Amino acid sequence: FTVLSRPYLRAWGSSWSKKAPSPLTEKAFYGVKEKEGQEIVILSQVLAAPVNTSYERVCYLTVLSVNETKVHNLKHMVELVEKAEEEGQQFIKFKLERDKVLVVESKLAREDSAKILKQNQITHSKSADLRNGETLEAVSPKQQRKRKGKKGEEERSSKDSKVQDP
């Protein structure tokens with residue numbers, strides 16, 4: 001999942017307005033925000049995994065809702081998914097444009113996440129602005145220990161420093 005943006009569309013090269021899927025470029029050029037903070041969230045690609053069986057060809061579609069709640073932006077969608085998981089909902093239902101619906105088993109998706117990330121060489125399941133301290137990464141335990149050591153060093157040096165981050 002990602003936000004439909006010009007940087008995303010530029011992945012199709014300098015002629016992205018001609019090369020990117022036309023429904024995406026139309027939304028980018030002519031889409032209208034209904035309210036402040038609204039984003040067009042799209043399912044850009046479904047990664048191959050048992051939990052995603054039969055959805056591999058679904059791509060470039062706008063996410064309309066998660067479990068019947070309208071999606072306002074990517075952060076909101078992440079919150080809806082996390083809420084469903086916290087509440088122990090067995091399935092998460094993504095309603096997409098063109099009357100497409102994806103239903104994912106929550107527990108299986110959570111169990112397969114690290115494996116899917118590693119298999120596709122993806123470092124984090126979410127961008128930094130959406131992680132909120134999330135530790136689900138496609139890294140080995142050895143890499144995690146190294147990072148923890150570096151984090152401890154950073155914390156010690158920041159305590160010694162009089163300058164604080166805002």
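Keep in mind it's a predicted model, so treat the numbers as computed, not measured.

About the criteria used
- Residues numbered from 1 in each chain as written.
- Predicted model: local features only at pLDDT ≥ 70, side-chain atom pairs only at ≥ 80, totals over all residues.
- Heavy atoms only, no water.
- Phe/Tyr/Trp six-rings, centres within 6.5 Å; stacked < 30°, edge-to-face > 60°.
- Buried < 20%, exposed > 50% of the residue type's maximum accessible area, 1.4 Å probe, protein only.
- Helix = DSSP H or I, 4+ residues; strand = E, 2+ residues; numbered from the N terminus.
- Contact = heavy atoms within 4.5 Å.
- Salt bridge = Lys/Arg side-chain N within 4 Å of Asp/Glu carboxyl O.
- Patch = residues over 30% accessible without salt bridge, like charges linked within 9 Å, V, L, I, M, F, W, Y side chains within 5 Å.
- Areas by Shrake-Rupley, 256 points an atom, 1.4 Å probe, with all protein chains shown as cover.
- Pairing = 2+ DSSP bridges.
- Core = buried A, V, L, I, M, F, W, Y, C linked by side-chain atoms within 4.5 Å.

Asks: Could you give an account of the packing of aromatic side chains, naming the residues involved and the relevant values?
Replies: Counting across every chain of the model gives five aromatic pairs. Their ring planes at 55 degrees and their centres at 6.2 Å tell us that phenylalanine 29 and tyrosine 30 sit as a pair that is tilted. Since its relative accessible area comes to 65%, tyrosine 30 is described here as exposed. Members of the aromatic cluster, connected to one another through ring pairs, are Tyr8, Trp12 and Tyr60.

Asks: Give a description of the environment of serine 44 that names residues and reports values.
Replies: Turning to its location among the elements, serine 44 is positioned in the loop between strand S2 (41-43) and strand S3 (61-66). Residue serine 44 is classed as buried on the basis of its relative accessible area of 17%. The spacing of serine 44 and threonine 2 is 42 residues in sequence and 6.6 Å in space, taken between C-alpha atoms. Those residues in contact with serine 44 that sit more than four places away from it in its chain are Phe1, Thr2, Tyr8, Cys59 and Tyr60.

Asks: Kindly report on the pattern of salt bridges, identifying the contributing residues and their values.
Replies: Scanning the model with the defined rule gives six salt bridges in all. Glutamate 68 is paired through a salt bridge with lysine 93; the nearest N and O atoms lie 2.6 Å apart. Remark: lysine 93 occurs in strand S5 (residues 91-96) and glutamate 68 occurs in the loop between S3 and strand S4 (69-70); sequence separation between them is 25 residues. Residue arginine 110 pairs with glutamate 85 through a salt bridge whose shortest N-O separation is 2.7 Å. Here glutamate 85 lies in helix H4 (residues 74-86) and arginine 110 lies in helix H5 (residues 106-119), a separation of 25 residues in the sequence. Its relative accessible area of 41% is what places arginine 110 among the partly exposed residues.

Asks: Give a description of a nonpolar patch on the surface that names residues and reports values.
Replies: There is a patch of nonpolar side chains on the surface, built from Phe91, Val101 and Val103 and spanning about 230 Å² of accessible area. With respect to the helices and strands, phenylalanine 91 occurs in strand S5. Note on phenylalanine 91: relative accessible area 40%, which makes it partly exposed.

Asks: So what's going on with the pairing of strand S6 (residues 100-105)? Residues and values would help.
Replies: Of the strand pairs in this sheet, S5 and S6 are connected by six bridges, and their pairing is antiparallel. The residue of S6 that forms the bridge with leucine 96 is lysine 100. Count of turn residues in the S5/S6 antiparallel hairpin: three residues, of which arginine 98 carries a positive phi of about 60 degrees.

Asks: Go over the environment of leucine 80, please, and point to the residues and values.
Replies: With respect to the helices and strands, leucine 80 occurs in helix H4. What makes leucine 80 buried here is its relative accessible area of 14%. Along the primary structure leucine 80 and valine 66 are separated by 14 residues, whereas in three dimensions their C-alpha atoms are 6.6 Å apart. Contact partners of leucine 80, with chain neighbours within four places excluded, come to Val66, Thr69, Lys70 and Val71.

Asks: So what's going on with the nonpolar core? Which residues, and what values?
Replies: Within the largest apolar cluster, 25 residues are counted, with the highest numbers of intra-cluster contacts made by Val58, Val66, Val71, Met77, Phe94, Leu96 and Leu102. For this core, the secondary structure elements donating two or more residues are S2, S3, H4, S5 and S6. No other element matches the six residues that H4 contributes to this core. Setting aside its immediate chain neighbours within four residues, leucine 96 contacts Leu43, Val58, Leu61, Thr62, Val63, Leu64 and Leu102.

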